[in-house]
2 protein chains.
Amino acid sequence: MRDVAGLAINQATTRPQWSLAQAIDGYARAGVRGIGVWPDKLAEYGLAAARRHLRDAGMAVTSYCVGEMIVDRHGRPQPAERNRQLLDEAAEIQAQCMVCVLGGLPAGSRDMARARECARDGLAELLPRARAAGVPLAIEPIHPMRAADVSCVNSLAQANELCAALGEGVGVVVDAYHVWWDPDLAAGVRRAGNRILSFQICDWLSPTVSLANDRGMMGDGVIDLRAMRALVRAAGFAGPCEVEIMSERDWWRRDADEVVATCRDRFLSLL
Amino acid sequence: MRDVAGLAINQATTRPQWSLAQAIDGYARAGVRGIGVWPDKLAEYGLAAARRHLRDAGMAVTSYCVGEMIVDRHGRPQPAERNRQLLDEAAEIQAQCMVCVLGGLPAGSRDMARARECARDGLAELLPRARAAGVPLAIEPIHPMRAADVSCVNSLAQANELCAALGEGVGVVVDAYHVWWDPDLAAGVRRAGNRILSFQICDWLSPTVSLANDRGMMGDGVIDLRAMRALVRAAGFAGPCEVEIMSERDWWRRDADEVVATCRDRFLSLL
């Protein structure tokens, strides 16, 4: 099948259906040449085998997606060594960036300002290694509904300020799902400019029934994805659109080849 | 019972348990002297009876809470006459402000910028009547997770800009639930200053299980309410803390007198 230039798929989209090996093959079958990879799936496959498979399939790793970077889901501090190891893995599979989802409030804390300082300090600590490895850190602003438990970085403005404070080797992810509502979106994307390392797409369903894993397929919700893609491009980002759809009620229940074909069709018709 | 100075309760907190008449009596039994009133509950009671009861109980109406002001929950435009009538009701019960929740995207639209323009224009249209009636319009920024279906105004910064554009007779609601995550909260509250017409409190539960009606009692979640109250006071707001807890899984299932007593106890111990 012909390559779908400009389309990548994050393997979270087919998380329950496919292993990393199956995702590489399945995406390639549909002509997709970029994949977003998750650490647990990589560990399951093995680093050497994954690297070989990705290379043989001609599949670019458009993101390596690390969550709970500063505190874990229980609000416990992460050991710095864990993030250094993940960075080494990102370098091994030649990931174009390491997506950093920073974690929410530490256990028992109500101090968001302090959580945000810790997030900045944790990134600063990891940064020399990221620069040496040639893997940029991509700060992902997460929707405010997950501020307590997933990330204390909740707007593009915040991510841009972190970039300005931290300097070279740090950029941002623009994930349509997290930022579509932002009244300052256009200004935030313009300011991010060549700091944009990843553009992720899906749709916001209305109504949305769960705070977790209820994302929609492009075209099924309310986000003006074509306009957002134009914004991101005008800001200077020339990379692919990476589809990332976690969907417990719908797409995670379907045949994965059908999911991938739908991503492809919607991308071609809507973006 | 002694008055609880500085505490009001929004009747949404006891919505399934109590009519307006019951809420006035129940809150008064606990020494609470301020109530937030909803239009459907007022209509059920009747305007004249409600006005008399409120006066006899010495109960101040700290807010009259109007949703779906520009578009309804189906995204259909609201007739301007409906909002004028609600404003007259607010004046009749001597509400200290009319809380304006503006509505989300019009049906079939993905254009948030346009929705926001319509919201501004709708407020501007209503404003002369509000000024004449002596009822200030209190713009309520709503959490971004409800941007599509409840309100396209999703930050204090946006509400402040609307105030600046519209002039006298318009202010803001600071509802802890909607704005606690905002990285610019302190600046937004300071800027709002004497535009703050209402301060609403509850807590953000972690995890939160539903986008609608899953609010927590003060102290059960992650919001630093004491710090937020200090911010609001420092900005110049001298009015009460109005508790507003919509809670399908917990507080709406309890005896309403217990709910009110808990609001009182938590307010006294935590704020």
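As a reminder, the structure under discussion sits directly above these lines.
For every chain, the first residue of the written sequence is number 1, and numbering continues from 1 along that sequence. Written order determines the labels here, with chains lettered from A and ligands numbered from 1. Since the coordinates come from a predicted model, pLDDT governs what is reported: local features require at least 70, and pairs of side-chain atoms require 80 or more to be given and counted, while whole-chain, interface and lining totals use all residues. No hydrogens and no water enter the side-chain calculation; it runs on all heavy atoms of the structure.

## What to know about the packing of helix H5 (residues 112-133) of chain A against helix H6 (residues 156-166) of chain A
Residues and elements named next belong to chain A. Test applied: Fitted lines through C-alpha atoms serve as axes, helices being fitted only where they are in contact, and the angles separating the N-to-C directions of these axes extend from 0 to 180 degrees. Think of it this way: any DSSP run of H or I at least four residues long counts as a helix, any run of E at least two long counts as a strand, and we number them from the N terminus. When an angle is under 35 degrees it counts as roughly parallel; over 145 it counts as roughly antiparallel; between 65 and 115 it counts as roughly perpendicular; any other value is oblique. Left-handed describes a crossing whose near helix is turned anticlockwise from the far helix by less than a right angle; the clockwise case is right-handed. Contact between two residues is taken to exist if any of their heavy atoms lie within 4.5 Å; hydrogens are not considered. We call Asp, Glu, Lys and Arg charged. Ala, Val, Leu, Ile, Met, Phe, Trp, Tyr, Cys and Pro are nonpolar, and the rest, Gly among them, are polar.
Packing of H5 against H6 leaves a shortest axis separation of 11 Å and a crossing angle of 50°. In terms of orientation, H5 lies oblique with respect to H6. Note that H5 runs across H6; the crossing there is right-handed. Here Arg116, Arg120, Leu123, Ala124, Leu127 and Arg131 of H5 come into contact with H6, specifically with Gln158, Leu162 and Leu166. Residues belonging to the contact of H5 with H6 are distributed by class as follows: five nonpolar, one polar and three charged.

## Notes on the sheet that holds strand S3 (residues 60-66) of chain A
Residue and element names in this part refer to chain A. Short version of the rule: Pairing between two strands requires that DSSP report at least two bridges joining them.
Spatial strand order, S1-S2-S3-S4-S5-S6-S7-S8: eight strands in a closed barrel with parallel pairing. The mean angle between the axes of side-by-side strands here comes to 30°, regardless of whether they run parallel or antiparallel. Bridging between strand S1 (residues 7-10) and strand S2 (residues 34-37) involves two bridges; their strand directions are parallel. Note on S2: the bridge partner recorded for Asn10 is Gly36. Packing of H6 onto the sheet brings it into contact with strand S5 (137-139) and strand S6 (170-175), and relative to S6 it is tilted by some 165°.

## Here we look at the relation of the copies chain A and chain B
Basically, it comes down to this: For this overlay, a least-squares fit was computed on C-alpha atoms, restricted to residues scoring pLDDT of at least 70 in both copies.
With an axial shift of 0.0 Å and an RMSD of 0.0 Å, the rotation relating chain A to chain B amounts to 180°. Put plainly, the chains are arranged around a two-fold axis. Here 100% of the interface residues in chain A have copies in chain B that are interface residues too; the copies meet face to matching face.

## Remarks on the interface of chain A and chain B
For the record, the criterion: Buried area: the accessible area, evaluated with a 1.4 Å probe, that two parts lose upon being put together, summed over both parts. What makes a salt bridge here is a side-chain nitrogen of Lys or Arg within 4 Å of a carboxyl oxygen of Asp or Glu, nothing more. Whenever two N or O atoms come within 3.5 Å, that pair is a polar contact, provided that in protein one can donate a hydrogen and the other can accept it, and provided that, for residues adjacent in sequence, both atoms are side-chain atoms.
At the junction of the two partners, chain A supplies 28 residues and chain B supplies 28 residues. Here chain A meets chain B over a buried area of about 2200 Å², counting both sides, of which 66% is carbon and sulfur. Its largest share of buried area at the contact with chain B, chain A owes to Arg110(A), Trp181(A) and Leu211(A), together 28% of the area lost on that side. Connecting chain A to chain B are zero salt bridges. Along the contact surface separating chain A from chain B lie eight residue pairs in polar contact (both at pLDDT 80 or more). Tallied by class, residues from the side of chain A that touches chain B come to 14 nonpolar, nine polar and five charged.

## Thoughts on a negative patch on the surface
For the record, the criterion: Note on patches: the residues involved have over 30% relative accessible area and no salt bridge, like charges join within 9 Å, and the nonpolar side chains Val, Leu, Ile, Met, Phe, Trp and Tyr join within 5 Å. Using a 1.4 Å probe, the Shrake-Rupley method yields the accessible areas, and only the shown protein chains count as cover for residues. Positive: Lys, Arg. Negative: Asp, Glu. His and the chain ends are not part of the count. Where a charge lies is defined by one atom per residue type, namely NZ (Lys), CZ (Arg), CG (Asp) and CD (Glu).
Residues Glu161(A), Asp184(A), Glu161(B) and Asp184(B) make up a contiguous surface patch of negative charge. With respect to the helices, strands and loops of the structure, Asp184(B) is situated in the loop between helix H7 (176-179) and helix H8 (185-192).

## Remarks on empty space enclosed by the protein
Cut-off, in case you're wondering: Of the grid points, spaced at 1 Å and generated over the protein atoms alone, those admitting a 1.4 Å probe that cannot get out make up cavities, while open sets with protein on both sides within 12 Å along at least five of seven lines make up pockets; any residue with an atom within 4 Å of a point is treated as lining. Grid points are joined across faces, edges and corners, and a volume is the space filled by probe spheres set on the points.
If you walk through the whole model with that rule in mind, you get two cavities of 30 Å³ or more. Roughly 40 Å³ of internal volume is contained in the largest cavity. Lining the largest cavity are Ile70(A), Val71(A), Leu102(A), Gly103(A), Gly104(A), Pro106(A), Ala115(A), Cys118(A), Ala119(A) and Cys152(A). In terms of residue class, the lining of the largest cavity is built from eight nonpolar, two polar and no charged. The volume enclosed by the second largest cavity comes to roughly 30 Å³. Contributing to the lining of the second largest cavity are Met145(A), Arg146(A), Ala148(A), Asp149(A), Leu211(A), Trp204(B), Leu205(B), Ser206(B), Pro207(B) and Thr208(B).

## Focus: the packing of helix H6 (residues 156-166) of chain B against H8(B)
Residue and element names in this part refer to chain B. Running from N to C, H6 and H8 cross one another at 20°; their axes reach a closest spacing of 9 Å. On the basis of their axis angle, the class for H6 and H8 is roughly parallel. Note that H6 runs across H8; the crossing there is left-handed. Each of Leu156, Ala157, Asn160, Glu161 and Ala164 in H6 lies in contact with H8, whose residues at this interface are Leu185, Gly188, Val189, Arg191 and Ala192. For the contact of H6 with H8, the per-class residue count stands at six nonpolar, two polar and two charged.

## Considering the pattern of salt bridges
Residue and element names in this part refer to chain A. Tallied over the full model, the rule gives 34 salt bridges over all chains. For the salt bridge of Arg249 with Asp214, the shortest nitrogen-to-oxygen distance reads 2.6 Å. One end of the pair, Arg249, is in the loop between strand S8 (241-243) and helix H10 (256-270); the other, Asp214, is in the loop between strand S7 (196-201) and helix H9 (225-234), with 35 residues separating them in the sequence. The structure contains a network of salt bridges with shared partners spanning Asp175, Arg215 and Glu244.

## Some thoughts on the pairing of strand S6 (residues 170-175) of chain B
Residues and elements named next belong to chain B. Test applied: When accessible area is computed with a 1.4 Å probe and restricted to protein chains, residues below 20% of their type maximum are described as buried, those above 50% as exposed, and intermediate ones as partly exposed. We call a crossover right-handed when, viewed with the strands running away from us, the connection from the first strand over the helix to the second turns clockwise.
In terms of burial, S6 is a largely internal element, six of the six residues being buried. Relative to S6, strand S5 (residues 137-139) runs parallel, the two being bridged by three bridges. Residue pairing for S6: Ala138 is matched across the bridge by Gly171. The β-α-β motif built from S5, the intervening H6 and the parallel element S6 has right-handed crossover chirality. Relative to strand S7 (residues 196-201), S6 runs parallel, the two sharing four bridges. Directly across from Val174, in S7, lies its bridge partner Phe199.

By themselves, these observations are geometric and do not establish any function.
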